[in-house]
Structures are given as structure tokens and as C-alpha cells.
Amino acid sequence: MEKPVISVIITAYNRRRFLKQAVKSVLTQTVDKSLYEIIVVKNFRDPDIDNINGITNIMLGDEPVGTYLAEGIKHARGEIISFLDDEDLYRANKLEYVLKVFSTSEDIVYFHHNMVFIDDANKILGFGHGPFKDIELKYNNIISRVKCEIILQIGAVMSAISVRSRIFDKNVLKALSRLYAFIDYFVFLIALKSKGTIVHRNVYLSFYRLHGEQISKPKGRDPVSTLIKFARSAFYHYSSYEYLRELFNEASPYCFLGSFYYILPGLCISLRDRKTLARVTWYTILKAIHDGSWARTLALF
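Residues numbered from 1 in each chain as written. Predicted model: local features only at pLDDT ≥ 70, side-chain atom pairs only at ≥ 80, totals over all residues. Heavy atoms only, no water.

Describing the nonpolar core
Note the threshold: Put simply, buried Ala, Val, Leu, Ile, Met, Phe, Trp, Tyr and Cys residues joined by side-chain atoms within 4.5 Å make one nonpolar core. For each residue, the accessible area found with a 1.4 Å probe, counting protein chains only, is set against the maximum for its type, and the residue is called buried under 20%, exposed over 50%, and partly exposed in between. Counting from the N terminus, the helices are DSSP H or I runs at least four residues long and the strands are E runs at least two residues long. By the convention used here, residues are in contact when the closest approach between their heavy atoms is within 4.5 Å.
One finds F83, Y110, V163, F168, F186, V187 and I198 to be the most contacted residues of the largest nonpolar core, which totals 48 residues. It is helix α7 (residues 183-193) that contributes the most residues to this core, nine residues altogether. Excluding residues within four positions of it along the chain, F83 makes contact with I9, L69, I73, Y90, M158, S159, I161, V163 and F168. A12, V23, I55 and V98 belong to the second-largest nonpolar core, a separate cluster that totals 27 residues.

What to know about helix α1 (residues 19-27)
Counted only if it meets this: Each direction from the helix axis to a C-beta atom contributes to the arc, which is the arc of those directions.
When α1 is considered as a whole, its buried residues turn out to be L19, A22, V23, S25 and V26. Relative to the axis of α1, the buried residues are bounded by an arc of 155 degrees and lie together on one face. The exposed set on the far side of α1, more than 90 degrees from its buried face, consists of K20 and K24. If you follow the buried residues of α1, they end up packed against β1 (6-12), β2 (36-42), α2 (47-50), β3 (55-59), β4 (80-85) and β5 (89-90).

Let's talk about the pairing of strand β6 (residues 108-118)
Note the cut-off: Two strands make a pair as long as DSSP finds a minimum of two bridges between them.
In terms of burial, β6 is a largely internal element, eleven of the eleven residues being buried. Sheet topology places β6 next to strand β10 (residues 197-209); ten bridges connect them, and they run parallel. Each bridged residue has a counterpart across the sheet, and for I118 the counterpart in β10 is R209. Bridge count for β6 against strand β9 (residues 161-164) is three bridges, and the pairing is antiparallel.

What to know about the packing of aromatic side chains
Condition: Two rings belonging to Phe, Tyr or Trp (six-membered ring only in the last case) form a pair when the distance between their centres is within 6.5 Å. Interplanar angles under 30 degrees mark stacking, angles over 60 mark edge-to-face geometry, and anything in between is tilted. Note on geometry: a ring has a charge over it if NZ (lysine) or CZ (arginine) is within 6 Å of the ring centre and within 35 degrees of the ring normal.
Under the definition given, this model contains eight aromatic pairs. With a centroid separation of 5.9 Å and 70 degrees between ring planes, the pair formed by F186 and F248 is classed as edge-to-face. In this pair, F186 sits in helix α7 while F248 sits in the loop between α8 (223-247) and α9 (260-270), placing the two residues 62 residues apart along the sequence. Judged by relative accessible area, F186 falls into the buried class, the value being 0%. Looking at K42, its charged tip hangs above the ring of F44, at a distance of 5.5 Å from the centre. Over the face of the ring belonging to Y243 we find R178, whose NZ or CZ atom lies 3.9 Å from the ring centre.

Re the side chain of H112
Counted only if it meets this: Each polar contact in these results corresponds to two N or O atoms within 3.5 Å; when the atoms are within protein, one needs to be able to donate a hydrogen and the other to accept it, and residues that are neighboring in sequence are counted only if both atoms are side-chain atoms.
Within the element layout of this structure, H112 appears in strand β6. For H112, a relative accessible area of 0% puts it in the buried group. A distance of 3.0 Å separates polar atoms of two side chains, one belonging to H112 and the other to H200. Apart from residues no more than four positions distant in its own chain, H112 is found in contact with H129, Q153, I154, A156, A160, I161, V199, H200 and R201.

Some words on the pattern of salt bridges
Opposite charge on two side chains permits them to pair, given that their charged atoms come into close proximity. The cut-off we apply is this: A pairing counts as a salt bridge when a side-chain nitrogen of Lys or Arg comes within 4 Å of a carboxyl oxygen of Asp or Glu.
Going through the model one piece at a time under the given rule, you end up with ten salt bridges. Note that D86 and R15 form a salt bridge whose closest N and O atoms lie 2.8 Å from each other. Of this pair, D86 sits in the loop between β4 and β5 while R15 is found in the loop between β1 and α1, placing the two residues 71 residues apart along the sequence. When sorted by exposure, D86 lands in the same class as R15, which is buried. Of the charged contacts, one joins R164 and E79 as a salt bridge, the two residues approaching to 2.4 Å between their closest N and O atoms. Of this pair, R164 sits in strand β9 while E79 sits in the loop between α3 (65-75) and β4, and the two are 85 residues apart along the sequence. The buried category is assigned to R164, whose relative accessible area is 2%. Residue classification places E79 among the partly exposed positions, given a relative accessible area of 34%.

Topic: the environment of R16
Residue position: R16 is located in the loop between β1 and α1. Considered as a pair, R16 and D46 are 30 residues apart in the sequence and their alpha carbons are 7.7 Å apart. If sequence neighbours within four positions are ignored, R16 has contacts with F44, R45 and D46. At 2.8 Å, the side chain of R16 forms a polar contact with the backbone oxygen of R45.

Thoughts on the pairing of β9
Burial along β9 is two-sided: the residues I161 and V163 and S162 and R164 are all buried. Bridge count between β4 and β9: three bridges; the pairing is antiparallel. Bridged to I81 within β9 is V163.

Some remarks on α7
Where burial is concerned, most of α7 is hidden: ten out of the eleven residues are buried. When α7 is considered as a whole, its buried residues turn out to be I183, D184, Y185, F186, V187, F188, L189, I190, A191 and L192. Taken from the residues just after α7, K195 is the one with a positive phi, measuring 70 degrees.

Structure (C-alpha cells):
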């Protein structure tokens, strides 16, 4: 069997609602199907997905999300790995563009692009998740500490990220397997530390879905179940936050505050970084007002 150039890894945990659409968006790419493979890592069986020829299905249990990615990467045969969350979608020319970017230089290890926001019914809501300009950078271009704005802009959202598979050695995969959150920042920083070239392009190649199952903007959820899930997420995000700070001590601690409303409870308990606590609290207030999300506001109490 001919070895694929790209491995697309799709992960799903306890949610099959959008998975079929995600897989279909990869199956209908403009590039020849021999150039890529699809690996689906999930914790449930789905005949609509499991019976599709050519898809590698991996079943896991109640594992950290990082373990889902690590297992997918271990099975990947492609030189390039593209990621896709189960609720998101690829545009038809996504993989064609990915191949074009990586073919320009062997030194390119990481590619990121902007995304189109959509709702449950695939209606377009807006555009974002990255700077509106092209960016290229290397680790040695950054004098002291990794700039937060770079990580928060071009290190966010797995469905916008493609990398060279060579950046993942056994130690990296072991560290990845421990993470419950901040997987996108982890992949970005690993790529950055590999001393290769980081590329961001101001193009829209994926769809990022905003839906009622997201804890940050719940729609008609039972308050008790929402609070339980919020508390669980707060614990996972804070533990992952501390682990990333340990792994990447050259990066500013503020770089991992993309999900600051989840981290805040842990910071409140530890009380060892009062400046961060004050800054995160202020960010949380602004975000809660902007999003109209009471779930974010709960992080303050």
C-alpha cells in the first residue's frame, strides 16, 4: 500500500453528533485520496464511521484528550499530520493548501491558518482565530520569552494546525498523553522548540463550530450538571496549565491563559501568583461581559 503524505487525525469523546460531517469534509478533499489517510480516535462505536473503507478507527476509554492525540499520532504514517476536532469541518481545499505550504521548504514544521465560525446548522457566524496577516518565525528569532500574543493567535485550535510528524518523539508523546487541556499550545511550543519554521497564513481553511454543548456558552443546560462539568474542566485546565509551565519554562505563564476562566479556581486555591490572579480575574470579567456567559462569571466565585 502506498504511504500517504498526510495523516488526518480526528478525535471524538462522548459526542457523535457532528462526527459524520467532520469525516465527510475530509473524504471530499480536492487532493487525490492516495495522498492522505484518516484516523478517527473515539470512545464509542458508530457504524456510520466504523464501516467506511480506508479509515483507521481507534477505540479508547476515559483517557486524557492528549492520549487520544498521542495514539492517533502513533498510528499515523504520513510525513505531515493535520488535526480535526469532531465538531469542526475542513474546507474542500484544506489539504491541497497544506501540501502546498509544506512543499515549499523542508524546514517548515508547523502550519496554522484562520477559521470560519459556524453554528449547529453550519450557518456562518464570523471569522477569526488568528492574525489577519501572514507570519513566519523561528525559535531563535525570539530573544527571551515566547510572546503570549503569538501563542494565543497562531498556537490555538487544533483544527487549524498541521505539523511535521518528526517533531513527535517518544518523550513528546509521553508528555502529550498527560494533558487534559491546552493541546494546541503544547503542539505549537513543541514545534517551536524543534527549531523549524512556524508558518501562519491569513486564509480560511476550516470551520470552527460554536454550539450549545460548549461549557463556555451553555444553551438551556441543567444548572447542576453544568456546574459539575465546569468544576471538572476547571480542575483539568489548571492541572494542565501547571504542567505546561513546567515543560516550557521559557514561555510566559500568561501564554496559557486562553481558557483562563477554567484556570482561575486553581489560582485562587494556590494563591502563589497574585499578579497572574489579578490579571486573570480582570480578563474573566471582560470575557464574561463580552460573551454574556454566566459559566465564565462563575469562575470568579
